[in-house]
Amino acid sequence: MTKYKLEYIWLDGYTPVPNLRGKTQIKEFDGFPTLEQLPLWGFDGSSTMQAEGRSSDCVLKPIRVFPDSERTNGVLVLCEVMMPDGKTPHASNKRATILDDEGAWFGFEQEYFFYKNGRPLGFPEAGYPAPQGPYYTGVGYKAVGDVARQIVEEHLDICLAAGINHEGINAEVAKGQWEFQIFGKGSKRAADEMWMARYLMERLTEKYGIDIEYHCKPLGDTDWNGSGMHANFSTTYLRETGGKAYFEALMAAFEGAREDHIAVYGPDNHLRLTGKHETQSIHQFSYGVADRGASIRVPHSFVNNDYKGYLEDRRPNSQGDPYQIASQILKTVASVPTG
Ligand code: ADP
Ligand code: MN
Ligand code: MN
Ligand code: MN
Ligand code: MN
């Protein structure tokens, strides 16, 4: 038997953006524990905006297990929050709102800023660095500074060691801004792994004295890019059947549900979806082939393949909850009849 450090991780009840929370318990297992072996656990919901003080118990239900390469005998246990009966999802549990994700594939592109002392990493104490241009996919101290790449590489290794389907990294358009991509077959799988990757990034940067700024427009109304979390998605039908008529019906449904989508695509998105900086206005819906100024970008490969493949919804922002984003996309997709 070995004593394992089980880090139970969940989303709290803060709105509009939940925070990641975690606490450790030690348990003995004969080998690395499976999901089935992990017990339910509880926490004080009155400290996380998930319960009143008088009846404060909430239940943690393990849903995914990952090895934790940063800790001896470490286990990362991603949980859903349940009511005291252990069966009813808590109101803050948006993962439970994803009804059917069979055959749905999602690729999320997480953009974010590194912040130090309240400023983007690499910004001078006052004023601004040289304007945007050399930073995107840049190399060299002038472009990316001295510590960002070290963190990004370490994060990548920790994610891969955990079995997270991390697909890549790049320095982004603003100084101090980066991106990583997570892809999953099954929207829950993709969203689980995005939340776990966010957790690992936040934990990693503690030791560097650096914050992750997920706000979609941290530098306000300036010529510095905001941060998005583009959601690339496909379903079995889109990949295998598709067709122009189905695609056009799908886009009409997305246009009709524009407000429902914007409602879950992250807070303050009107500051980012302005029609500038490779975005469409928050008040309009459009789609276009290879068009980075559209709400939905249609890859060349989609059109060239008889309207089969995946689409990129460019509107979700960096603070968005991938559970709610996937849930809404799949709801709109489900509203369109398939041939
Ligand atoms: P860009 O920056 O040009 O928009 P990225 O390479 O950063 O592109 O992201 C594209 C994303 O699309 C990747 O995360 C990838 O996994 C995802 N993707 C590719 N094929 C599919 C598919 N069939 N269904 C869903 N997502 C997909
Ligand atoms: Mn206690
Ligand atoms: Mn990208
Ligand atoms: Mn990007
Ligand atoms: Mn993209």
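Residues numbered from 1 in each chain as written. Chains lettered and ligands numbered in written order. Predicted model: local features only at pLDDT ≥ 70, side-chain atom pairs only at ≥ 80, totals over all residues.

Chemist: Could you give an account of the overall build of the chain, with specific residues and numbers?
Modeler: When helices and strands are tallied, the chain shows nine helices and 14 strands. In terms of overall dimensions, the chain is globule-like: its C-alpha atoms have a radius of gyration of 21 Å, near the 20 Å expected for 339 residues. Projected onto its principal axes, the C-alpha positions of the chain cover 55 × 55 × 40 Å. In the chain, the proportion of contacts linking residues at least 24 apart, taken out of those at least 6 apart, comes to 66%. (Helix = DSSP H or I, 4+ residues; strand = E, 2+ residues; numbered from the N terminus. Rg over C-alpha atoms; globule rule 2.2 N^0.38 Å. Contact = placed C-beta atoms within 7 Å.)

Chemist: Just give me the short version of helix H2 (residues 148-162), but keep the residues and values in it.
Modeler: With 15 residues, H2 extends 21 Å from end C-alpha to end C-alpha; this agrees with the ideal 21 Å at 1.5 Å per step. All of the buried residues along H2 are Ala148, His155, Ile158, Cys159 and Ala162. Buried residues of H2 fall within an arc of 100 degrees about the axis and therefore sit on the same side. With respect to the buried face of H2, the exposed residues turned more than 90 degrees away are Gln150, Glu153, Asp157 and Leu160. (Expected span 1.5 Å × (residues − 1). Buried ≥ 20, exposed ≤ 12 C-beta atoms within 10 Å, placed from the backbone. Arc of directions from axis to C-beta.)

Chemist: Can you explain the pairing of strand S4 (residues 57-68)? Please cite residues and give values.
Modeler: Working note: regular strand, side chains alternate between the two faces of the sheet. Burial analysis of S4 places nine of its 12 residues in the buried class, which makes it a mostly covered element. For strand S3 (residues 41-44) and S4, the ladder comprises four bridges, and the chain directions are antiparallel. Each residue of the ladder has a partner; that of Trp41, found in S4, is Leu60. Bridge count between S4 and strand S5 (residues 74-82): nine bridges; the pairing is antiparallel. By the bridge assignment, Val65 is partnered in S5 with Val77. The hairpin formed by S4 and S5 contains five residues between the paired strands, and Asn73 there has a positive phi angle of roughly 50 degrees. (Pairing = 2+ DSSP bridges.)

Chemist: Tell me about the confidence of the model for the chain, and name the residues and values.
Modeler: Averaged over all residues, the pLDDT of the chain is 96; the fraction at 70 or higher stands at 100%. Interface predicted TM-score (ipTM) for the complex: 0.95; the corresponding pTM is 0.97. (pLDDT = per-residue confidence, 0-100.)

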